[in-house]
Amino acid sequence: MCLHMLLISRYILYLFIFVSFGYSLGTQFLSVPSSAIELAFGPSPLFGSLTLNNPALLNAPSQGVALNISYGSWLNNISNSSFSLASKIGRGNIGLNIRHMGVSDLELRSNRPTDDPLATFSSSSFAAASSYSQTYGAITIGATVRYILIQLYTENVSGMTFDGGITRSFGKNIDLGFSILNTGFINNTDSYNPVLPLRFLSALSYQFPRSNWGHKICLSAEKSSLVNGSIIRVASETKFEKFDLRFGTQSSNEVTVVSGGFGIRLGLLNFHYGIQIGSQHLGLPQMLDISIKLP
């Protein structure tokens, strides 16, 4: 019994380490892309309409409700899904986002070969957020309030985070964006003391003059409290008729990532796909988005 308890404690410790530093669960899930478009670009405070990287980007149709469903996998085959709604309210936009990341069928085994594990368990992260954005001339501001819940073996922690962001247009071709993400609080337990990944994002984009092809490039930088040094990203989007093509790359002190994706716009129904390849060799994150405009 003592040996089993020692092994259980050791495996729980390994799981905590995996969650904290595996870029998967724990509070790090707040930094994980939540849609195919975001995965293809990389986190940016200037790309996307339902993105979590800058609430000022929240943009709803003039009539009806925009619905977006995303599903895919993150590193180590961890499931990654989200559900978003956006609608006009007065002069602004209001949005709801629910997301979940999880891994199941984790097995606890002894150091001796056995047919059956000592126990099976799962780990998951959940967030529900409400956002609002409004435009004043060339400036758009936005804010998000988010509730988070993390379940890790027998541990449960919860908290609240707050995001704020702004975008500024200079003419028809240049945009500037800033956001601060994940300020707030999260409770602790006797054995698990999570830390929120406080993030500062900035970006500058240029839209090439209109032609048959719509092309936009973006240079962004991020500073995170859980990452040493800065993260530099370059992203581009090309639109032609009903097709979108996206590319992105990011580099930090420890990881280099290349990403890409495409989209098909079919009136009220849109499909988007994104994939990411990283130097950490922990799998190929992929996501698929389905966007629908409801009356």
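Since we're looking at a predicted model, the values are computed, not measured.

Caption draft 1: Seen up close, the overall build of the protein chain. Summing up its helical and strand segments, the protein chain has two helices and 14 strands in all. Looking at the protein chain as a whole, 43% of its 295 residues qualify as buried. Residue pairs in contact within the protein chain that sit at least 24 positions apart in sequence constitute 50% of those at least 6 positions apart. Counting every atom, the protein chain has about 14900 Å² of accessible surface; 62% of that belongs to carbon and sulfur.

Caption draft 2: Broad picture of the nonpolar core. Counting residues in hydrophobic clusters, the biggest one holds 19 residues, and the most contacted among them are Phe 29, Trp 74, Met 101, Ile 148, Ile 150 and Ile 186. Those elements giving two or more residues to this core turn out to be α2 (36-41), β3 (92-108) and β5 (139-152). Considering each element in turn, this core owes the most residues, three residues, to β5. Setting aside residues up to four positions removed in sequence, Ile 150 forms contacts with Gly 26, Thr 27, Phe 29, Ser 124, Ser 125, Glu 155, Asn 156, Val 157, Ile 186 and Tyr 192. Formed by six residues, the second largest nonpolar core is a distinct cluster that contains Phe 41, Leu 46, Cys 218 and Ala 235.

Caption draft 3: Focus on the side chain of Asp 289. As for its placement among the helices and strands, Asp 289 is situated in strand β14 (residues 286-294). For Asp 289, the contacting residues outside a window of four places in its chain are Ser 35, Ala 36, Ile 37, Asn 68, Ile 69, Ser 70, Asn 270, Phe 271 and His 272.

Caption draft 4: Representation of the packing of aromatic side chains within the structure. Tallied over the entire structure, the rule returns four aromatic pairs. Ring geometry for Tyr 206 against Phe 208: centres 5.1 Å apart, planes inclined by 80°, an arrangement best described as edge-to-face. Look at Tyr 206 and you get partly exposed, because its relative accessible area is 31%. The lysine or arginine in question, Arg 168, covers the ring of Phe 170, its NZ or CZ lying 4.6 Å from the ring centre.

Caption draft 5: Structural view of the pairing of strand β13 (residues 269-278). Taking every second residue as pointing to the same face, the buried face of β13 carries Asn 270, His 272, Gly 274, Gln 276 and Gly 278, while none of Leu 269, Phe 271, Tyr 273, Ile 275 and Ile 277 on the other face is buried. Where strand β12 (residues 256-266) meets β13, ten bridges bridge the pair, whose relative direction is antiparallel. Counted as the bridge partner of Leu 266 is Leu 269 from β13. Here β12 folds back onto β13 in antiparallel fashion, the turn holding two residues, of which Gly 267 has a positive phi close to 70°.

Caption draft 6: The pairing of strand β11 (residues 243-251), seen in detail. Of the two faces of β11, only the one carrying Asp 244, Arg 246, Gly 248 and Gln 250 is buried; Phe 243, Leu 245, Phe 247, Thr 249 and Ser 251 on the other face are not. Direction of pairing for strand β10 (residues 230-240) relative to β11: antiparallel, over a ladder of nine bridges. Looking at the pairing, Glu 237 lines up with Arg 246 of β11. The turn joining β10 and β11, which pair antiparallel and follow one another in sequence, is formed by two residues; a positive phi near 55° is taken by Glu 241. Sheet analysis places β11 next to β12, joined by nine bridges and oriented antiparallel. In the sheet register, Phe 247 faces β12, and the bridge partner there is Gly 260.

Caption draft 7: Quick peek at the confidence of the model for the protein chain. Per-residue confidence for the protein chain averages 83 on the pLDDT scale, and 82% of its residues sit at or above 70. Mean pLDDT per element in the protein chain: helix α1 (residues 2-21) is the minimum at 38, and strand β7 (residues 174-186) is the maximum at 96. In this model, residues 1-24 is a region of pLDDT below 50 whose contacts with residues beyond four sequence positions or in other chains number 39 contacts.

Caption draft 8: Region of the structure containing the pattern of salt bridges. Scanning the model with the defined rule gives seven salt bridges in all. Notably, a salt bridge pairs Arg 199 with Glu 222, separated by 2.7 Å at the nearest N-O pair. One end of the pair, Arg 199, is in strand β8 (residues 199-207); the other, Glu 222, is in strand β9 (residues 214-224), with 23 residues separating them in the sequence. We note a salt bridge from Asp 244 to Arg 265, for which the minimum N-O separation is 2.9 Å. Of this pair, Asp 244 sits in strand β11 while Arg 265 sits in strand β12; the two residues are 21 residues apart in sequence, bridging distant segments of the chain. Through salt bridges that share partners, Glu 237, Asp 244, Arg 246 and Arg 265 make up one connected network.

Conventions and cut-offs
Residues numbered from 1 in each chain as written. Predicted model: local features only at pLDDT ≥ 70, side-chain atom pairs only at ≥ 80, totals over all residues. Heavy atoms only, no water. Helix = DSSP H or I, 4+ residues; strand = E, 2+ residues; numbered from the N terminus. Buried < 20%, exposed > 50% of the residue type's maximum accessible area, 1.4 Å probe, protein only. Contact = heavy atoms within 4.5 Å. Areas by Shrake-Rupley, 256 points an atom, 1.4 Å probe, with all protein chains shown as cover. Core = buried A, V, L, I, M, F, W, Y, C linked by side-chain atoms within 4.5 Å. Phe/Tyr/Trp six-rings, centres within 6.5 Å; stacked < 30°, edge-to-face > 60°. Lys NZ or Arg CZ within 6 Å of the ring centre and 35° of its normal. Pairing = 2+ DSSP bridges. pLDDT = per-residue confidence, 0-100. Salt bridge = Lys/Arg side-chain N within 4 Å of Asp/Glu carboxyl O.

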